[in-house]
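# Structural features, examined
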Amino acid sequence: MMGERVHWSGRMAFILAASGSAIGLGNLWKFPYIAGTNGGGAFVLVYLLCIAAVGVPIFMAELFIGSQSQKNAVEAFSELDRPRSPWRVIGWLGLVSAVLILSFYSVVGGWVLDFEWLALSGQLTSSSEEQVQAFLGGLFASPSRILFWHSVFMLLVVGIAWGGVRKGLERWNNILMPTLVALLVVLLVYATRLDGFSESISFLFSFDFSALSRAGLLEAVGHSFFTLSLGMGAIITYGSYLQKQSKIGRIALSVAFLDTLIALIAGIIIFSIVFSFGAEPGQGPTLMFQTLPLLFLQMPGAQFVAIAFFLLVAVAALTSAVSLLEVIVAYWEDRGHSRKRSVLLWGGVIYLMGILAAFSFNLLADFKLFGKTYFDWADLLTSSYFLPIGGLLIAIFFGWKLLPAGLSIVFGEASRWNSGLLLWTTRIIAPLAVLLVLLWKVFGGLFSA
Ligand code: PHE
């Protein structure tokens, strides 16, 4: 049965929880590697523009839709529009995205746990540089190991979700997110002392547009959604646990700022190592796992640093994963199922799909559709298509149906300047930007560069 809706204990708790959702593998693992495969600076610039002009306004839109409706990502739309509103399709698409994303996210979360294990047992920091770079390949080659860690990761996600958002997540986020920031800053200080530091900065911040393909452009747009947990109802769902009167404008800005800062710091650190050790910046998903341990080897207390680092990445991944599961669980609960049943059912379904993602690196590596494995598809379809399309529709729904009436709720005291900006970014700029990039990509061949 449906009871009173739970709420976060306050504004700070919500900022931490939303940051917990936003800051995850997208920042620490994905951002550096896709910046690397897309040649650096130009990609980063497009990404930053997207965060500012598209991400922040849509973040406000999702928070508004969640907090005003106090409903899950599907019913929120009927609550604010009318019963059986066609806008609910955004919510359905979000549920599908959540399942697909979590199915591969959990596998990468498993890699992190495996590295945490390597760090704890001392292997990671007592090996040669070549051995360190070979660990991930070893993991990929072992179906049972990759499956084992995927299972552990999903169990942890289910365990946290089981206890409910407030008791489980809120408390963890409070301690662990600040610790993650502190540790990253320490690593950054070390990175500044490496030979590759200045090359890293110029790689990330000088713009060579010839290095950016159409696919890369779409990836930048898509990633700005992924990294802020947008376009699929996660922020709507978290927003629905906010009090109705919450002022959401500032919250959105703080979360977007923190998220971007952490992605950039992660990128600077990783590329400093890449250029110091002559590694390959465009190597793809293996980047974080093959470079960072090299830095640890240089530091005093290497093992301790490695243990702390992978632990925090694991936590960042977990807090994001829980928010993915929460989208479906909140929906299922609102349909009258108990929390525990919802968590078990959907955790189980996603776990099974995750097996396909886990085996994409070994047993099913040759099982490809248009040259891509299940893992690649789950990532590409959601990040490059479903999230941008979901976000585009959310912006239109919010900009045209809920504004300008909702402005005072977003900002408290709305000034001409910020209300105008929000109105026109959600009405015109964000939808148009996403649409243009999608069309440009579609006409250039849907799944090619
Ligand atoms: N934002 C998370 C990250 O960067 C991933 C995520 C996407 C979480 C969508 C929730 C919803 O790792």
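Residues numbered from 1 in each chain as written. Predicted model: local features only at pLDDT ≥ 70, side-chain atom pairs only at ≥ 80, totals over all residues. Heavy atoms only, no water.

### Focus on the confidence of the model for the protein chain
Per-residue confidence for the protein chain averages 91 on the pLDDT scale, and 97% of its residues sit at or above 70. The lowest-confidence element of the protein chain is helix H17 (residues 407–411), averaging 80 in pLDDT; the highest-confidence one is helix H5 (residues 88–120), averaging 97. (pLDDT = per-residue confidence, 0-100. Helix = DSSP H or I, 4+ residues; strand = E, 2+ residues; numbered from the N terminus.)

### A closer look at empty space enclosed by the protein
According to the stated counting rule, one finds 2 cavities of 30 Å³ or more in the structure shown. Estimated volume of the largest cavity: approximately 130 Å³. Around the largest cavity sit 15 residues that line it, and Ser21, Tyr105, Phe226, Ser229 and Leu324 are the ones nearest its centre. Of all the secondary structure elements, the ones that give two or more residues to the lining of the largest cavity are helix H1 (11–22), H5 and helix H14 (302–334). Per-element tally for the lining of the largest cavity: the top contributor is H14, with 3 residues. A per-class count over the lining of the largest cavity returns 9 nonpolar, 6 polar and no charged. The volume enclosed by the second largest cavity comes to roughly 40 Å³. Lining the second largest cavity are Leu28, Leu184, Leu187, Ala266, Ile269, Ile270, Met288, Leu292 and Phe309. Counting only elements with at least two residues in the lining of the second largest cavity, the list comes to helix H8 (165–192), helix H12 (249–276) and helix H13 (287–298). Ranked by residues supplied to the lining of the second largest cavity, first place goes to H12 with 3 residues. When its residues are assigned to classes, the lining of the second largest cavity shows 9 nonpolar, no polar and no charged. (1 Å grid on protein atoms, 1.4 Å probe; cavity = no way out; pocket = protein on both sides within 12 Å on 5 of 7 lines; lining within 4 Å. Points joined across faces, edges and corners; volume = space filled by probe spheres on them. Nonpolar A, V, L, I, M, F, W, Y, C, P; charged D, E, K, R; others polar.)

### So, the site of the ligand
Not every one of the 15 residues close to the ligand is listed here, only the nearest: Ala22, Gly26, Tyr105, Phe226 and Ser229. Within the backbone of Ser21, an N or O atom sits 3.2 Å from a nitrogen atom of the ligand. Separating a nitrogen atom of the ligand from a backbone N or O atom of Phe226 is a distance of 2.8 Å. When isolated, the ligand has an accessible area of 330 Å², and the protein chains bury 100% of it. At a threshold of 2 Å from the grid points, most atoms of the ligand map onto the largest cavity. Every element with two or more residues in the shell around the ligand is listed here: H1, helix H2 (25–37), helix H10 (214–227) and H14. Looking at the shell around the ligand, its residues break down into 7 nonpolar, 8 polar and no charged. (Near = heavy atom within 4 Å. Polar contact = N/O pair within 3.5 Å; in protein donor to acceptor, adjacent residues only side chain to side chain. Areas by Shrake-Rupley, 256 points an atom, 1.4 Å probe, with all protein chains shown as cover. Sits in = over half its atoms within 2 Å of the grid points.)

### Concerning the packing of H2 against H12
Close contact between H2 and H12 brings their axes to 8 Å; oriented N to C, the two are set at 60 degrees. Classed by the angle they form, the pair H2 and H12 counts as oblique. As for how H2 packs across H12, the hand of that crossing is right-handed. Along the contact surface, H2 presents Asn27, Leu28, Phe31, Pro32 and Gly36, while H12 presents Asp259, Ile262, Ala263, Leu264, Ala266, Gly267, Ile270 and Phe271. Considered class by class, the residues forming the contact of H2 with H12 number 9 nonpolar, 3 polar and 1 charged. (Axes fitted to C-alpha atoms, helices over the stretch in contact; angles between N-to-C directions. Parallel < 35°, antiparallel > 145°, perpendicular 65-115°, else oblique. Left-handed = near helix turned anticlockwise from the far one by under 90°. Contact = heavy atoms within 4.5 Å.)

### Overview of the nonpolar core
Membership of the largest hydrophobic core comes to 168 residues, with the highest contact counts inside it found for Trp111 and Phe289. Element by element, the count of residues in this core is highest for H14, at 22 residues. In contact with Phe289, not counting residues within four places along its chain, are Trp29, Val108, Trp111, Val112, Phe115, Leu136 and Phe310. (Core = buried A, V, L, I, M, F, W, Y, C linked by side-chain atoms within 4.5 Å. Buried < 20%, exposed > 50% of the residue type's maximum accessible area, 1.4 Å probe, protein only.)

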